[in-house]
Amino acid sequence: MSGPTPSLLEIEDLAVGFDTEAGLLRAVDRVSLEIAPGETLGLVGESGCGKSVTAASVLRLVPIPPGQILHGKIRLAGRGDLLGLAPADLGAVRGQEIAMIFQDPMTSLNPVFTVEKQLLEVLRLRFGMGRQSARVRSIEMLRTVGIPDPDARLAAYPHELSGGMKQRVMIAMALLSEPRLLIADEPTTALDVTIQAQILQLIRELQQRTGAAVLFITHDMGVVAEMCDRVAVMYAGRIVERGDAVGLFTRPRHPYTVGLLRSVPREGTARKSELPVIEGAVPSPFASPVGCRFAPRCWKRMTLGDAEQVRCHEEDPALERKADGGVAACHFPVTDDER
């Protein structure tokens, strides 16, 4: 009987901060995640919760200063701790073993270079291809990602392409190097619904063909349900729940996860104003509250007795496995009757 699949990527106890005039801003606080080969892990949460900083840390893209890695390790199978790699060795990881699709392709594509120049640079650096061979490969990849007339598109500058086209070019660039891990940071946020569906389908098809693992970052629970095998829910810089996608959607344990799921539009919802909202605001990253960070906004806390509420406000819950098999950071996990 074979054992569990070894992880391709392990993030262990990662903490990331930024020096500001107001003090140290803790963007990511003691985050641990792992991704297996061929798996899609969704990292979900409200804007500003630390998802993108976590992803940037994997590729050592956090600007230092003002950013700083306060604690933790990021291990890539066969490479060891990425945080300990010398700058000269990062080139063998960035864009090669790990590639990233950014949220806004206009800020990721160089506006003064043609599509061809940017694609060919990837192939020359990764495989040492000559110009003609790299051009043929670039045309093949543009065709693969669904760009019509790819030969002509090579001569285009980014501003001459639509949003959907630019995002497809970004996906083509990410996959040219045949990465072991693809990080997709909200890749469909700025696109209309039709283009979103096409991009998601494209990522699924290419993943099936190449076997790459995917870290999919989003705030859209509908996209998570469609794309992910497992899900990690992030709140105020921390992971508050983690598990397989089916279990998380059918039996969420953390009150914050329940709040996110309740806010997903459903059939019959005519207006956004009809959707439930999570009252209150995310705590300041400069001074996190004592106890559970979600307690001031927690709908379940209000149903508890005085002693239980004191625990929520004074004791920081650890991320641990609950009796039903789920993993959540909550003293009083949501029950079946409360979902």
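Going along each chain's sequence as written, the residues are numbered from 1 onward. Thresholds applied to this predicted model are a pLDDT of at least 70 for local features of residues and 80 or more for the giving and counting of side-chain atom pairs; totals over whole chains, interfaces and linings are not thresholded and use all residues. Only hydrogens and water are set aside; all other atoms, that is, all heavy atoms of the structure, feed into the side-chain values.

A closer look at the nonpolar core
Thought 1: In this description, a nonpolar core means a group of buried Ala, Val, Leu, Ile, Met, Phe, Trp, Tyr and Cys residues linked to one another through side-chain atoms lying within 4.5 Å. Classification of residues uses two cut-offs on accessible area relative to the type maximum, computed with a 1.4 Å probe and protein chains only: under 20% is buried, over 50% is exposed, and between them is partly exposed. Counting residues in hydrophobic clusters, the biggest one holds 58 residues, and the most contacted among them are L142, V145, V169, I171, F216, V231 and V233.
Thought 2: For the purposes of this entry, the term helix denotes a DSSP run of H or I that reaches at least four residues, the term strand denotes a run of E that reaches at least two, and both are numbered from the N terminus. Here this core takes nine residues from helix α7 (residues 163-176), the largest share from any one element.
Thought 3: Core analysis: the second largest hydrophobic core is formed by 36 residues, V16, F18, L90 and M100 among them.

Some thoughts on the sheet that holds strand β3 (residues 40-44)
Thought 1: In space, the eight strands of this open sheet follow the order β6-β7-β8-β3-β9-β10-β12-β11, with mixed pairing throughout. Edge positions in the sheet fall to β6 (98-101) and β11 (320-321), since each has one partner strand and no second.
Thought 2: We call two strands paired when DSSP finds no fewer than two bridges between them. Note that strand β9 (residues 230-235) and strand β10 (residues 238-244) share six bridges and pair antiparallel. Across the sheet, residue Y235 finds its bridge partner in β10, namely R238.
Thought 3: In what follows, residue pairs with any heavy atoms lying within 4.5 Å of each other are defined as contacts. Every axis corresponds to a line fitted to the C-alpha atoms, with the helix fit spanning only the stretch in contact, and the corresponding angles, defined between N-to-C directions, vary from 0 to 180 degrees. Across the sheet, α7 lies against β6 and β7 (181-185), angled at about 175° from β6, the strand it touches most.

Structural notes on the state of the cysteines
As used here, a disulfide is simply a covalent bond connecting the sulfur atoms of two cysteines.
Thought 1: In what follows, a disulfide is any cysteine sulfur pair within 2.5 Å. Within the structure shown, the criterion is met by zero disulfides.
Thought 2: Of all cysteine sulfurs in the structure, the one in C49 sits closest to C228, which takes part in no disulfide; the separation is 14 Å.
Thought 3: On the basis of relative accessibility, which here comes to 8%, the residue C228 falls in the buried class.
Thought 4: With no disulfide of its own, C330 lies closest to C298 among cysteine sulfurs, the gap being 6.2 Å.

Some thoughts on the packing of helix α5 (residues 131-144) against α7
Thought 1: Taken N-terminus to C-terminus, the directions of α5 and α7 make an angle of 125°; their axes are 9 Å apart at the nearest point. Of the possible angle classes, the one that applies to α5 and α7 is oblique. As α5 runs across α7, the sense of the crossing is right-handed. On the side of α5, the interface is formed by R137, M141 and L142, while α7 contributes V169, A172, L175 and L176.
Thought 2: Residue polarity is assigned by list, with Asp, Glu, Lys and Arg as charged and Ala, Val, Leu, Ile, Met, Phe, Trp, Tyr, Cys and Pro as nonpolar; anything else, Gly included, falls into the polar class. In terms of residue class, the contact of α5 with α7 is built from six nonpolar, no polar and one charged. Every angle not falling under 35 degrees, over 145, or within 65 to 115 is termed oblique; those three ranges are roughly parallel, roughly antiparallel and roughly perpendicular. Note on convention: the crossing is left-handed when the near helix lies turned anticlockwise from the far helix by less than a right angle, right-handed when the turn is clockwise.

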